[in-house]
Amino acid sequence: MPDRRHRVVPSVTIREAREDDWPRMWSIIHDVITGQRTFSYDPDMSEVDARRIWLLGAPARVVVAVRDGRVVGTANMYANRPGPGSHVASGSLMVAEAARGAGVGRALTVDMIAWARRRGFAAIQFNAVVEVNTAAVRLYESLGFVTLGTAPGAFRHPTLGHVGLRIMWLDLRRPGGATG
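The structure presented is a predicted model; accordingly, all values stated were derived computationally and were not measured.

A.B. asks: What is the right way to read the packing of helix α3 (residues 104–118) against helix α4 (residues 134–142) from this model?
C.D. replies: For any two helices packed against each other, one specifies the inter-axial angle together with the distance between the axes. Running from N to C, α3 and α4 cross one another at 45°; their axes reach a closest spacing of 11 Å. Judged on the interaxial angle alone, α4 and α3 are oblique. The interaxial crossing formed by α3 with α4 has right-handed handedness. Each of G105, R106 and T109 in α3 lies in contact with α4, whose residues at this interface are L139, Y140 and S142.

As C-alpha cells, then:
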C-alpha cells in the first residue's frame, strides 16, 4: 500500500464562483445529492431549486475549487442564522467524486475558515455532518472542529439505514489553529 504521507497532490485554487461555473457545480451537487450518503438534500431536487439554495447572494459567498482548469469542488458560506445568531458562520461543501481524497475538501474548508475569520465571525457551525462520512469528520476534526452532539438516526443512509447527524463547531475566537 502506498504511503499517503508522501503522495504528491496537485494544487487547488479556490476562487469566487462565476456564472459559467454553474454547469460543473450542478454536476457535482447532483452527484452528491443523488448518492444520498452525505447531504440531507432531496435527491429529486431540480437544478432550478439547487441553484436557488446553493448560489446565495451577498453577504454570503460561493466558491469553486479548480484544479488544472477544471471545477472539482464547490462551497457556500453564510451566517448560520439571522439576528442574534448571525455571529456564527456556516456553510456547505461538495467535492467531485474523482477529486475526493486529494485535498480539495481541505482547501475548501480552510478557505471557509479564513473567510469567516476575515468577516469577524465568532465560530463556524456545521449543522448536519453525517456521522458515517468519516472523511469529512476526520478533516473537520483535523482543523479543530469538535462535535457538540449527534442527532441519532436523523439521516437515512441508503445502505446503513438510520445514522446520526453531527453538529460540528469551530471556535474562531481561539488564537491559531485551523490553518490547514
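A.B. asks: Looking at this structure, how should I read a nonpolar patch on the surface?
C.D. replies: On the surface, a cluster of nonpolar side chains totalling about 240 Å² of accessible area is made up of V146, L148 and I167. Looking at where I167 falls in the secondary structure, it is placed in strand β7 (residues 161–171).

A.B. asks: Honestly, unusual backbone geometry in this entry has me stumped. Any pointers?
C.D. replies: When glycine is set aside, most residues are seen to have a negative phi, and most peptide bonds are trans. Each neighbour pair has its own omega, and for A58 with P59 the value is 15°, a cis peptide bond. Assignment of secondary structure puts P59 in the loop between α2 (47–54) and β2 (61–67). The phi torsion at Q36 lies on the positive side, around 55°, for a residue other than glycine. With respect to the secondary-structure elements, Q36 resides in the loop between α1 (22–35) and α2. Residue classification places Q36 among the partly exposed positions, given a relative accessible area of 33%.

Conventions we followed
Residues numbered from 1 in each chain as written. Predicted model: local features only at pLDDT ≥ 70, side-chain atom pairs only at ≥ 80, totals over all residues. Heavy atoms only, no water. Axes fitted to C-alpha atoms, helices over the stretch in contact; angles between N-to-C directions. Helix = DSSP H or I, 4+ residues; strand = E, 2+ residues; numbered from the N terminus. Parallel < 35°, antiparallel > 145°, perpendicular 65-115°, else oblique. Left-handed = near helix turned anticlockwise from the far one by under 90°. Contact = heavy atoms within 4.5 Å. Patch = residues over 30% accessible without salt bridge, like charges linked within 9 Å, V, L, I, M, F, W, Y side chains within 5 Å. Areas by Shrake-Rupley, 256 points an atom, 1.4 Å probe, with all protein chains shown as cover. Salt bridge = Lys/Arg side-chain N within 4 Å of Asp/Glu carboxyl O. Buried < 20%, exposed > 50% of the residue type's maximum accessible area, 1.4 Å probe, protein only.

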